[in-house]
Amino acid sequence: MASKAEQKSRTTGVPAKGRSPAAAQTRQARRKQGDSGATSVAQVRLRPDEMAELQQVMQTLRLHSLSDALREGLRLLFREAAEVAASRDIRDVYRGAQAPAPEGVVPATAEEPAAADETEW
């Protein structure tokens, strides 16, 4: 009977933790970042299409485990939440009024935003 790590490796198509040089590098980098070693376990249910997309992302970004991929997703989610909180703080400070432009910045004319909207990348 296969171990859980071997079963996980076959399911995800990613080598089991600790079995590749990349996994060792990831653990070493985490230690350098001051990882206290205390972790928590969280579960997520993914539909087959979501799992396929996640595996494609893991290959593209060279993420070596599901945990690495989900941690990266959480980092992006945390960053977005911080940006939303900052924008709310700014809105609260100015109480709905337009925030002042930095010194030396000329306000946009009505035509400039319209021209920007028309721009195709």
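Residues numbered from 1 in each chain as written. Predicted model: local features only at pLDDT ≥ 70, side-chain atom pairs only at ≥ 80, totals over all residues. Heavy atoms only, no water.

Along its length, the chain carries five helices and zero strands. Helices and strands appear in the chain in the N-to-C order α-α-α-α-α. For the chain, buried positions account for 11% of its 121 residues. The long-range fraction of contacts in the chain, counting pairs at least 24 apart against all pairs at least 6 apart in sequence, stands at 42%. Taken as a whole, the chain presents about 10800 Å² of accessible surface, with 54% of it coming from carbon and sulfur. (Helix = DSSP H or I, 4+ residues; strand = E, 2+ residues; numbered from the N terminus. Buried < 20%, exposed > 50% of the residue type's maximum accessible area, 1.4 Å probe, protein only. Contact = heavy atoms within 4.5 Å. Areas by Shrake-Rupley, 256 points an atom, 1.4 Å probe, with all protein chains shown as cover.)

Overall, the coordinates contain four salt bridges when judged by the stated rule. Salt-bridge contacts for Arg47 lead to Asp49; the nearest nitrogen and oxygen are separated by 3.3 Å. If you follow the salt bridges from partner to partner, you end up with Arg47, Asp49 and Glu50 in one network. (Salt bridge = Lys/Arg side-chain N within 4 Å of Asp/Glu carboxyl O.)

This part is about helix α3 (residues 48–61). Along its 14 residues, α3 runs 20 Å from first to last C-alpha, staying within 8% of the 20 Å computed at 1.5 Å per residue. All of the buried residues in α3 are Met51, Leu54 and Met58. Seen along its axis, α3 keeps its buried residues to an arc of 60°; they face one direction. For α3, the exposed residues set more than 90 degrees away from the buried face come down to Glu53, Gln59 and Thr60. Positive phi appears at Arg62, one or two residues downstream of α3, with a value of about 55°. (Expected span 1.5 Å × (residues − 1). Arc of directions from axis to C-beta.)

By themselves these figures say nothing about function.
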